[in-house]
Amino acid sequence: MFDKINYLLIIFFCLNILNAKKECKKEIRFNLSQEIIEHIIDSHDFHICGNLIIPLPIILWDNGFKIFLSNKFYNQKIVNYSGFFYKKYKNIIYKTDKNGNLYFDKNGNPINKKPLDLSITKNVITIIIISIIIICIFLKMANSYNKYIMSWTFGKYLEPIILFIINTIAIPNIGIKKYKEYLPFLLTLFFFILINNLIGILPIIPNITGNISITLSLSLFTFFMIISNKLCWKHIFCIPNIPLLIKFILIPIEFIEIFIRPITLCIRLFANIIAGHILIFSLISLIFIFKNILIASFSIPFALFISILEILVAFIQAFIFTNLSALFIGKIFKKNH
Amino acid sequence: MDLVTPSIGLIFWQTIIFILLFLILKKFVWKYILEYVEKREYNIRKSLEFVEKAKQEVNIIKENNNLLLKEAMLKKEKILKEALYIKKKIEFEAKENAKIESENIINKTMEKIKNDKKEALEILKKELIQLSIIASEKLLKKELSIKNTQENFLNKIIDDLK
C-alpha cells in the first residue's frame, strides 16, 4: 500500500515540476506568500491544474437564498441576481450597487455589506467526498465480518487502529464505565481527521484539516460533548473542601479553562497541518524564486522528506486530537469520584 | 489574516456533514464493529478460561495417575516380596521334607538290605549245609565203597576226635 502512495507522491511532484516550468516561461512576477495562501485557503472554485477550473455552486443568504455557479464571478464580473448585485474581492463576496463599486476604509478593506456566505466551496465538496469514502470503507468493513474474523484485507489494517483507539485512548482516559458512550464519537473523529490529513498531503486536493474553520468545528464538537454533561458544571461551581476566598479565584480559572481547551485543540491541529504544507510549498517554490530547474535537485528531495514526515504527522495529530478530546471528556468523570 | 479567520459557511457545512457522518457511522458501522469486537473478546476470554480449566483438570488427572502408579508400584513390590518369601519358605519346607523322606527311604532300604542280607545268608547257609551234606554223602558213599578208605576214614575221624 505504501509503495503505491510513494508512486503517487512522485507522480504528483513530477506534475508540479511541469507546471512550474510552464509558469516560469510566462515570467509572471512571483509573489510567494500570496501564492501559498491562495493555495492553502478555501476558494469558491476547484482549481485542478493549468486552466482546468471546476466552478462550484455559491449559496448566499440575503433575504432569501441566492444560488448560482461561481464561474459568474470570473474576470471580476458583477453578478446580478434578481436585482441584487454581488462582487468577489480577495475571495470574499460583497454586496455592491449596479456598477460594482467597492468602498474602502483606511486599511484598504472594503466596507460594503457582506451577505452570509454558505457556498459549497472547495473544502465543503472535499469533505463530502471524503465522508462518502469513509462511509463506504467502514460499511464494507462492518459487512465483511465472518464470525468474529475480518475477511477483508484492508479491514485487517483498520481493525488494529480501532482496537488501539478503544484500548489506548478511550478506556484509559474516560474509564471503563463510561467509554462506550463516547467511543463512536472518538472513532468518527479519529478517522475523519486521519483520512483528511492523509488525503490532504496529495497535491490538488485541499488540506481540509489545515483550515481553521474545520478544526474549530471539530473542537466545538468536543466542547459541546463536555458542556452538555451536568457533572462538568457541577465540578466548576461546587468544589468541596476549599475556602471561599480561593473559590473566587478558582471558579473563573476553571471556567476559562473549559473554553481554552477546544481553542488549543483547534489551533494545534490547524497549525501542525498547515505548517507542513507551507514548508512543502516553500521548498517547491524555490524553483520559481531562483528560476532555475537545478534547484529541483535540492528542493524535491527535501519536499519528499517533509511529505513523508507529513504522513507521520497525519497519524500523530489525529491521535493527539482524539486523545486530548478523550482526556477532556474523561476529566468530567474522574474529578467527581 | 485570511488564514486564521474562520468562515461561517465552512463551519456550518462542516458541522452538518460531520453530524451526518457521525450518525450514519454510529448507526450502521460502529455498532456492528464494536459488537463483533466485543463478541470476539468475550469468545477469546471464554476459550482461554476453558483452556485453563482443562489444564487444571489434566493436571489433576495426571496427579491421580501418578498416585495410582505409585500405589501400584508399592503393591507390586509388596506382592513380589511376599512371593519371594513364600517361595523361599516353600523351598525350605520342600528341602526339609525331601531330607526327611530321603532319610526315611534310606533307613527303610538299609533295614530291607539288612533283612535281605540275613535272609540271603540264611538261605545260603541252608543251601551250603544241604550242599555239604550232599557232598559228604557222595564222598562217604564213594569212600565207603572202598574198604581201606572206609577204615582210613574212620580212623581219621577217630583220630580227629582224639
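Everything numeric in this text was worked out from a predicted model, so none of it was measured.

Peer 1: I would appreciate a short explanation of the nonpolar core in the present structure.
Peer 2: As a rule of thumb, nonpolar side chains are buried together in soluble globular proteins. Counting 69 residues, the largest nonpolar core has A:Phe138, A:Ile162, A:Phe191, B:Trp30 and B:Ile33 as its most contacted members. Elements with a minimum of two residues in this core: helix H3 (122-143), helix H4 (153-174), helix H5 (179-201), helix H6 (212-227), helix H7 (230-237), helix H8 (244-290) and helix H9 (296-334) of chain A together with helix H1 (8-145) of chain B. When residues of this core are assigned to their parent elements, the largest contribution, 14 residues, is made by H5(A). The residues touching A:Ile162, leaving out its near neighbours within four places in the chain, are A:Phe138, A:Met141, A:Leu187, A:Phe191, B:Trp30 and B:Ile33. With nine residues, the next largest nonpolar core counts A:Ile280, A:Ile284, A:Ala303 and A:Ile306 among its residues.

Peer 1: Can you walk me through the sheet that holds strand S3 (residues 57-61) of chain A in this structure?
Peer 2: In a beta sheet, neighbouring strands are held together by backbone hydrogen bonds and run either parallel or antiparallel to one another. All names here are of chain A. One open sheet holds the three strands; their spatial order is S4-S3-S8, and the pairing between them is antiparallel. Looking at the sheet topology across the chains shown, the edges are occupied by strand S4 (65-69) and strand S8 (116-117). With two bridges connecting them, S3 and S8 associate as antiparallel partners. Bridge pairing links Trp 61 to Leu 116 in S8.

Peer 1: Help me understand the side chain of A:Asp45 in this model?
Peer 2: Residue and element names in this part refer to chain A. Mapped onto the elements of the fold, Asp 45 is located in strand S1 (residues 45-49). Buried charge Asp 45 goes without a salt bridge, the closest partner of opposite sign being Lys 88 at 4.0 Å. Excluding anything up to four places from it in sequence, Asp 45 contacts Ile 53, Ile 54, Pro 55, Leu 56, Ser 70, Tyr 74, Lys 88 and Lys 122.

Peer 1: Got a minute to help me understand the interface of chain A and chain B in this structure?
Peer 2: Across the boundary between the two partners, chain A contributes 46 residues, which contact 34 residues of chain B. The interface formed by chain A and chain B contains two salt bridges. Note that A:Lys180 is salt-bridged to B:Glu38, the shortest N-O span being 3.1 Å. Along the contact surface separating chain A from chain B lie eight residue pairs in polar contact (both at pLDDT 80 or more). Looking at the side of chain A that touches chain B, the elements with two or more residues in it are S8, H3, H4, H5, H6 and H8 of chain A. The dominant element in the side of chain A that touches chain B, judged by the number of residues it contributes, is H3(A), at 11 residues. For the side of chain A that touches chain B, the per-class residue count stands at 34 nonpolar, eight polar and four charged.

Parameters and conventions
- In every chain, residue numbers begin from 1 and rise along the written sequence.
- Ligands are numbered from 1 and chains lettered from A, in the order in which they are written.
- Only residues with pLDDT of at least 70 are given local features in this predicted model, and only at 80 or more are side-chain atom pairs given and counted; all residues enter the totals for whole chains, interfaces and linings.
- To get the side-chain values, take all heavy atoms of the structure and skip hydrogens and water.
- Residues enter a nonpolar core if they are buried and are Ala, Val, Leu, Ile, Met, Phe, Trp, Tyr or Cys, with the set joined through side-chain atoms within 4.5 Å.
- Relative accessibility thresholds used throughout: buried, under 20% of the residue-type maximum; exposed, over 50%; partly exposed, between the two (1.4 Å probe, protein chains only).
- The way it works is that DSSP assigns letters per residue, a run of H or I at least four long becomes a helix, a run of E at least two long becomes a strand, and they are numbered from the N terminus.
- What makes two residues a contact is simply this: any of their non-hydrogen atoms within 4.5 Å.
- By the convention used here, strands pair only if DSSP detects at least 2 bridges between them.
- We treat Lys and Arg as the positive residues and Asp and Glu as the negative residues; His and chain ends play no part in the count.
- Each salt bridge in this description consists of a side-chain nitrogen of Lys or Arg and a carboxyl oxygen of Asp or Glu lying within 4 Å of one another.
- Polar contact is the term for a pair of N or O atoms within 3.5 Å; when the atoms are in protein, one must be able to donate a hydrogen and the other to accept it, and sequence-neighboring residues count only if both atoms are side-chain atoms.
- Gly is placed with the polar residues, together with every amino acid not listed as nonpolar (Ala, Val, Leu, Ile, Met, Phe, Trp, Tyr, Cys and Pro) or charged (Asp, Glu, Lys and Arg).

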